[in-house]
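Okay, here's what each chain looks like letter by letter:
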Amino acid sequence: MGRGELPMVEKVLLGIAVVTLVPIRFVLALIILVVYYIICRLCTLFSAPNRDEEEDQEDFAHMGGWRREVIVWCGRFLSRMLLFVIGFYWISVSYRDIDLPDQNKSSSQNEGKDQPEEPERLGAIISNHVSYLDILYHMSASFPSFVAKRSVAKLPLVGLISKCLGCVYVQRESKSSDFKGVSGIVTERVKEAHENSSAPMMMLFPEGTTTNGDFLLPFKTGAFLATAPVRPVILRYPYKRFSPAWDSISGALHVFYLFCQFINHMEAIWLPVYYPSQEEKDDPKLYASNVRRLMAREGNLTMSDIGLAEKRIYHTALNGNISLPSVLHQKDD
């Protein structure tokens, strides 16, 4: 669904959904969004955000006390309610106890001997990226901070919520110096989460773009530069009619079809904390590669070497545009 002529049965089902499901889901989703915005607005009244004027960053994730508790717990609950409204009535969550690679297992055991009472803290949560729905799931599961486009901070309703999440903002079309700055901020935030139990946790999608859920693209090293332990999470969206994976159609059309689907399915697989070996700490690329291989193996995902540039070419071809030079020269996200 989404491209090409739809069978008559699908047209009938869509027609029924348009007059029943879509209006109800749209109204309920909007109510949830507005309610959470009001909660965030009340909790941040008379509070100044944590600012980094040099990098044009600000957030409320470093705010403590009861206000922060209200923002986090309401955010987790309402995110799950929003997924329920969209049709994710049940989410299959599993926690795997697996044998990690020998070098990693020995490192983990050594850490346990050095700190028997409390294991080394996480630095970041690492996840494959299939859809914008990934963000809602992780908000409901652990309410971490994300990397987002800088324009998100200025959006109505969503802008304040993103600041309460503690998002790190990046200008995708900016010069390379900005990207180095953002990479440095992400590394600092990962280190902060690793060293401080009250610091906001970072949630990173190291692929840098979405896939159809069957593949795992090369990992960028930003999440691994801090050399802190990470928690890999694999998200899957089993489907029969319309895939919740945001792959090859516009965002508005994807949301429409998603709202028209009576039941949506999601699976989340949480792997054990991955403690890097000394060799991986010395080589972030090796660290990223090993985590990627582990996630591909445990999630039954196919590792692919394509990147965002190839994906843009593919989407351009799907849309019937054969003028590819402009696509090839777009900056990698």
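The name that an unreviewed UniProt entry assigns to the protein is phospholipid acyltransferase, with the source organism given as Salix purpurea. Looking at the protein in UniProt, the text filed under Pathway (unreviewed entry) is "Lipid metabolism."

Before going further, it helps to examine the sheet that holds strand β4 (residues 124–127). Pairing in this open sheet of five strands is mixed, and the strands run β3-β10-β9-β4-β7 from one edge to the other. Looking at strand neighbours, the two that pair on one side only are β3 (91–95) and β7 (202–204), the edges of this open sheet. Going across the sheet, the axis of each strand differs from the next one's by a mean of 20°, ignoring polarity. Two elements, β4 and β7, share three bridges in a ladder whose sense is parallel. When the bridges of β7 are listed, Ile126 appears paired with Leu204. Sitting on the sheet, helix α5 (residues 133–141) touches β3, β4, β7, β9 (230–236) and β10 (266–270), and the angle it makes with β10 is about 55°.

Let us now look at the nonpolar core. Judged by nonpolar contacts, the single largest core of 57 residues is most densely connected at Tyr36, Leu83, Ile86, Phe88, Leu133 and Tyr137. Elements with a contribution of two residues or more to this core: α1 (8–19), α2 (21–43), α3 (65–86), α5, α6 (158–165), β9, α8 (251–260) and β10. If you look at the next biggest cluster of nonpolar residues, it comprises 29 residues, including Val190, Val230, Ile269 and Val291.

Attention now goes to the UniProt feature "transmembrane region" (unreviewed entry) in the protein. On the UniProt side, "transmembrane region" (unreviewed entry) is annotated at positions that read residues 12–39 and 70–91 here. Within the segment residues 12–39, helix and strand shares are 96% and 0% respectively, and the terminal C-alpha atoms sit 40 Å apart. Taken as a whole, residues 70–91 contains 77% helix and 5% strand, while its terminal C-alpha atoms sit 24 Å from one another.

This part takes up α5. Across the nine residues that make up α5, a large majority, seven, are buried. When we look at burial in α5, the residues that qualify are Leu133, Asp134, Leu136, Tyr137, His138, Met139 and Ser140. Just past α5, the residue Phe143 takes up positive phi, approximately 50°.

Two numbers describe how α1 lies on α2: the axes approach to 3 Å, and their chain directions differ by 45°. With respect to their mutual orientation, α1 and α2 come out oblique. Packed against α1, whose contacting residues are Ile16, Ala17, Val18 and Val19, the element α2 presents Leu21, Val22 and Pro23 at the interface. In terms of residue class, the contact of α1 with α2 is built from seven nonpolar, no polar and no charged.

A few words now on the packing of aromatic side chains. Under the criterion given, the structure shown has 10 aromatic pairs. Aromatic pair Phe84 and Tyr89: ring centres 5.0 Å apart, planes at 70°, arrangement edge-to-face. In this structure Phe84 comes out as partly exposed when scored by relative accessible area, which is 40%. According to the relative accessible area criterion, Tyr89 is partly exposed, its value standing at 25%. On the basis of an interplanar angle of 80° and a centroid distance of 5.9 Å, the ring pair of Tyr89 and Trp90 is categorised as edge-to-face. The exposure class of Trp90 is exposed, given its relative accessible area of 63%. Within the aromatic cluster, the residues linked to one another by ring pairs are Phe219, Phe224, Tyr274 and Tyr287.

Here α1 crosses α8 at 90°, and the two axes come no closer than 9 Å. Judged on the interaxial angle alone, α8 and α1 are roughly perpendicular. Where α1 approaches α8, its residues Leu14, Ala17 and Val18 are matched on the opposing element by Phe256, Tyr257 and Cys260.

Attention shifts here to the pattern of salt bridges. Close approach of charged atoms lets side chains of opposite charge pair. Applying the stated criterion to the full structure yields five salt bridges. Close ionic contact of Arg241 with Glu10 constitutes a salt bridge, the shortest N to O distance being 2.5 Å. Remark: Glu10 occurs in helix α1 and Arg241 occurs in the loop between β9 and α8; sequence separation between them is 231 residues. For Arg241, a relative accessible area of 23% gives the class partly exposed. The closest approach of N and O atoms between Glu298 and Arg297, which form a salt bridge, is 3.1 Å. Residues participating in the shared-partner salt-bridge network are Arg51, Glu58 and Lys163.

Those residues of α8 not exposed but buried are His254, Tyr257, Leu258, Phe259 and Cys260. Buried positions along α8 lie against α1, α2, α3 and α5.

Criteria and thresholds
- Residues numbered from 1 in each chain as written.
- Predicted model: local features only at pLDDT ≥ 70, side-chain atom pairs only at ≥ 80, totals over all residues.
- Heavy atoms only, no water.
- UniProt positions renumbered as here; feature names shortened; annotations may be inferred.
- Pairing = 2+ DSSP bridges.
- Helix = DSSP H or I, 4+ residues; strand = E, 2+ residues; numbered from the N terminus.
- Axes fitted to C-alpha atoms, helices over the stretch in contact; angles between N-to-C directions.
- Contact = heavy atoms within 4.5 Å.
- Core = buried A, V, L, I, M, F, W, Y, C linked by side-chain atoms within 4.5 Å.
- Buried < 20%, exposed > 50% of the residue type's maximum accessible area, 1.4 Å probe, protein only.
- Parallel < 35°, antiparallel > 145°, perpendicular 65-115°, else oblique.
- Nonpolar A, V, L, I, M, F, W, Y, C, P; charged D, E, K, R; others polar.
- Phe/Tyr/Trp six-rings, centres within 6.5 Å; stacked < 30°, edge-to-face > 60°.
- Salt bridge = Lys/Arg side-chain N within 4 Å of Asp/Glu carboxyl O.

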